[in-house]
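# Tertiary structure, described
Letter by letter, the chains look like this.
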Amino acid sequence: MEIRRAEMKDLKGVMALHKQYHVDSINPADKPDGFVTTNFTPEQLQALVEKERGITIAKDGERVICYAMAASWQFWSEWPFFVHMIQQLPEHSFEGQVLSTDNSYQYGPICVDKQYRGSGVLQKVFDASLDSMASRFPIMVTFINQINHRSYAAHTRKLKMHTVCTFQFNNNDYYMLACPTVRKK
């Protein structure tokens, strides 16, 4: 298994995995085990790879089996949902710091092929994603839909993220979570 920052040649595999687990196209039987909600254009994915350097992947041979996306709030500001999150940042603190677009970034979505869940790949890709952003930001922030119980459990139990607040957007309820990009060993 290979874990590394994604390159343009990896985007086809990233998007195949993304589509498989996206809320709009997921097999209904798989939805209780987790799903992703953000859509991307090819141009946005290219910017994530080339400008933000924000997609970390795991590959088994030629197949992308896990990805984690991460980028500055500036990148995410095209989506109304993330504008809502940006506006909420200064209302919350994490480890004594008021959250801002300068000291935090948005992580996610992250997706693991169901055949590889429980294998430790989630933790490895998450750690590599944190490492890739640590020189730019001390805090990582994300959101999880409150009906996505598996994702919430994985992020709070396995990845040791902390719930900062809950919020609503477009008739959905979400958790906002955070963690430091540099973890104490």
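Predicted, not measured: the structure shown is a model, and the values here were computed from it.

### A few points about the packing of aromatic side chains
Counted according to the given criterion, the structure contains 18 aromatic pairs. Ring centres of Phe-40 and Trp-79 lie 5.8 Å apart, and the angle between their planes is 75°; this geometry places the pair in the edge-to-face category. Residue Phe-40 is located in the loop between α1 (11–21) and α2 (42–50), and its partner Trp-79 is located in the loop between α3 (73–76) and α4 (80–88); the two are separated by 39 residues in the primary sequence. Residues Trp-76 and Trp-79 carry aromatic rings whose centres are separated by 5.3 Å and whose planes lie at 45° to one another, so their mutual orientation is tilted. Counting every residue linked through ring pairs, the aromatic cluster contains Phe-40, Phe-75, Trp-76, Trp-79, Phe-81, Phe-82, Phe-143, Phe-167, Phe-169 and Tyr-174.

### With respect to the sheet that holds strand β6 (residues 104–112)
Spatial ordering of the open sheet is given by β1-β2-β3-β6-β7-β9-β8, a layout of seven strands whose pairing is mixed. Each edge of the sheet is formed by a strand with only one pairing partner; in this case those strands are β1 (2–5) and β8 (162–169). In this sheet, adjacent strand axes meet at a mean angle of 25° when their direction is disregarded. Docked against the sheet, α2 engages β2 (55–60) and β3 (63–71), running at close to 80° with respect to β3.

### Comments concerning the pattern of salt bridges
Scanning the entire structure with this criterion turns up eight salt bridges. Between Arg-4 and Glu-2 there is a salt bridge, and its shortest N-O distance comes to 2.9 Å. Residue classification places Arg-4 among the buried positions, given a relative accessible area of 18%. According to the relative accessible area criterion, Glu-2 is partly exposed, its value standing at 36%. Through salt bridges with shared partners, one network takes in Glu-2, Arg-4, Glu-7, Lys-9, Asp-10, Lys-59 and Glu-62.

### What about the side chain of Gln-106?
Note that Gln-106 resides in strand β6. By relative accessible area, which is 0% here, Gln-106 ends up buried. Here the side chain of Gln-106 touches Gly-108 through a polar contact of 3.3 Å, landing on its backbone oxygen. For Gln-106, the contacting residues outside a window of four places in its chain are Met-69, Ala-70, Ala-71, Trp-73, Trp-76, Phe-82, Val-141, Thr-142 and Phe-143.

### Digging into unusual backbone geometry
Omega for the bond connecting Gly-108 with Pro-109 falls within 30 degrees of zero, at 5°, which places this linkage in the cis form. Positionally, Pro-109 belongs in strand β6. You will see that Arg-53, though not glycine, has its phi angle at about 50°, which is positive. Residue position: Arg-53 is located in the loop between α2 and β2. The exposure class of Arg-53 is partly exposed, given its relative accessible area of 45%.

Conventions and cut-offs
- Residues numbered from 1 in each chain as written.
- Predicted model: local features only at pLDDT ≥ 70, side-chain atom pairs only at ≥ 80, totals over all residues.
- Heavy atoms only, no water.
- Phe/Tyr/Trp six-rings, centres within 6.5 Å; stacked < 30°, edge-to-face > 60°.
- Helix = DSSP H or I, 4+ residues; strand = E, 2+ residues; numbered from the N terminus.
- Pairing = 2+ DSSP bridges.
- Axes fitted to C-alpha atoms, helices over the stretch in contact; angles between N-to-C directions.
- Contact = heavy atoms within 4.5 Å.
- Salt bridge = Lys/Arg side-chain N within 4 Å of Asp/Glu carboxyl O.
- Buried < 20%, exposed > 50% of the residue type's maximum accessible area, 1.4 Å probe, protein only.
- Polar contact = N/O pair within 3.5 Å; in protein donor to acceptor, adjacent residues only side chain to side chain.

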